[in-house]
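Notes for the structure review
Letter by letter, the chains look like this.
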Amino acid sequence: MPYALFSKDAKLSKAYPTEADVWKVARKSGLVVDVATEDDKAAPRPVLDNDYEIRPCQAEPNEDPAKNKADAEREARIEPQLSPPEPPREALRRRAHQ
C-alpha cells in the first residue's frame, strides 16, 4: 500500500511506495525537525512539523507511486548541491597561484 503526507484529512503529497520514501521527500522539503526529549537528548528524533502525518493511502487513478519515487530521486540528483565555504587561507592561496 502506498503512503503520502497528510495534514488532518488533506493529502498533501503524491503517493510513494513506502513510508521511508515520504520521509525523504518531507525532509528535503523542510518539513522535518529534530526533537530531543529528556530520554533521547544525545540522539534527537525526527518529527514532522506542523502536525503533518505520513499515512497509508490509495494512489490516485492515474498515479504510479514507483514513478513518483523515481521522479523525486531524479530531481534530487539534478538540484545543485551547496558546497561548504573554503577556509580563507585556502581561497587566498588559490587566488595567488592563478
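Here we summarise the structure given alongside this text. All of these numbers come straight from a predicted model, not from anything done at the bench.

Considering the overall build of the chain
Each helix and strand in the chain was counted, giving 3 helices and 5 strands. For the chain, the N- to C-terminal ordering of α and β elements is β-β-α-β-β-β-α-α. Within the chain, residue pairs in contact and separated by at least 24 positions form 54% of the contacts whose partners lie at least 6 positions apart. Within the structure as shown, the chain displays about 7,700 Å² of accessible surface, and the carbon and sulfur contribution to it stands at 53%.

Focus on the packing of aromatic side chains
Evaluation of the coordinates by the stated rule reveals 0 aromatic pairs. When the ring centre of F6 is taken as reference, the NZ or CZ atom of R55 above it lies at 4.2 Å.

Details of the layout of surface pockets
There is about 220 Å³ of room inside the largest pocket. Taken together, Y16, D21, K24, V25, K28, S29, K69, A72, E73, E75 and A76 form the lining of the largest pocket. For the lining of the largest pocket, the leading source of residues is helix α2 (residues 65–78), giving 5 residues. Looking at the lining of the largest pocket residue by residue, the class counts come to 4 nonpolar, 1 polar and 6 charged.

Details of the pattern of salt bridges
Pairs can form between side chains of opposite charge whenever their charged atoms are close. Inspection of every chain in the model, using the stated rule, returns 7 salt bridges. Across the salt bridge formed by K11 and E60, the nearest N and O atoms sit 3.6 Å from each other. One end of the pair, K11, is in strand β2 (residues 10–11); the other, E60, is in the loop between β5 (53–56) and α2, with 49 residues separating them in the sequence. According to the relative accessible area criterion, K11 is partly exposed, its value standing at 28%. Linking R55 and E53 is a salt bridge whose minimum nitrogen-to-oxygen distance equals 3.1 Å. Judged by relative accessible area, R55 falls into the partly exposed class, the value being 23%.

Here's the deal with the pairing of strand β1 (residues 3–7)
When β1 meets β5, the two strands line up antiparallel, connected through 4 bridges. The residue bridging L5 from the neighbouring strand is I54, located in β5. As paired elements, β1 and β2 share 2 bridges and run antiparallel to each other. If you follow S7 over to β2, its bridge partner there is A10. Linkage of β1 to β2, two consecutive antiparallel strands, is achieved through a turn of 2 residues, within which K8 is found at a positive phi near 55°.

Structural notes on the sheet that holds β2
The 3 strands are arranged β2-β1-β5 in an open sheet whose pairing can be described as antiparallel. Taken across any chain shown, the strands that pair with only one partner, and hence form the sheet edges, are β2 and β5. Most of the contacts of helix α1 (residues 19–28) go to β1, to which it runs at about 50°, and overall it touches β1 and β5.

Reading guide: rules and limits
- Residues numbered from 1 in each chain as written.
- Predicted model: local features only at pLDDT ≥ 70, side-chain atom pairs only at ≥ 80, totals over all residues.
- Heavy atoms only, no water.
- Helix = DSSP H or I, 4+ residues; strand = E, 2+ residues; numbered from the N terminus.
- Contact = heavy atoms within 4.5 Å.
- Areas by Shrake-Rupley, 256 points an atom, 1.4 Å probe, with all protein chains shown as cover.
- Phe/Tyr/Trp six-rings, centres within 6.5 Å; stacked < 30°, edge-to-face > 60°.
- Lys NZ or Arg CZ within 6 Å of the ring centre and 35° of its normal.
- 1 Å grid on protein atoms, 1.4 Å probe; cavity = no way out; pocket = protein on both sides within 12 Å on 5 of 7 lines; lining within 4 Å.
- Points joined across faces, edges and corners; volume = space filled by probe spheres on them.
- Nonpolar A, V, L, I, M, F, W, Y, C, P; charged D, E, K, R; others polar.
- Salt bridge = Lys/Arg side-chain N within 4 Å of Asp/Glu carboxyl O.
- Buried < 20%, exposed > 50% of the residue type's maximum accessible area, 1.4 Å probe, protein only.
- Pairing = 2+ DSSP bridges.
- Axes fitted to C-alpha atoms, helices over the stretch in contact; angles between N-to-C directions.

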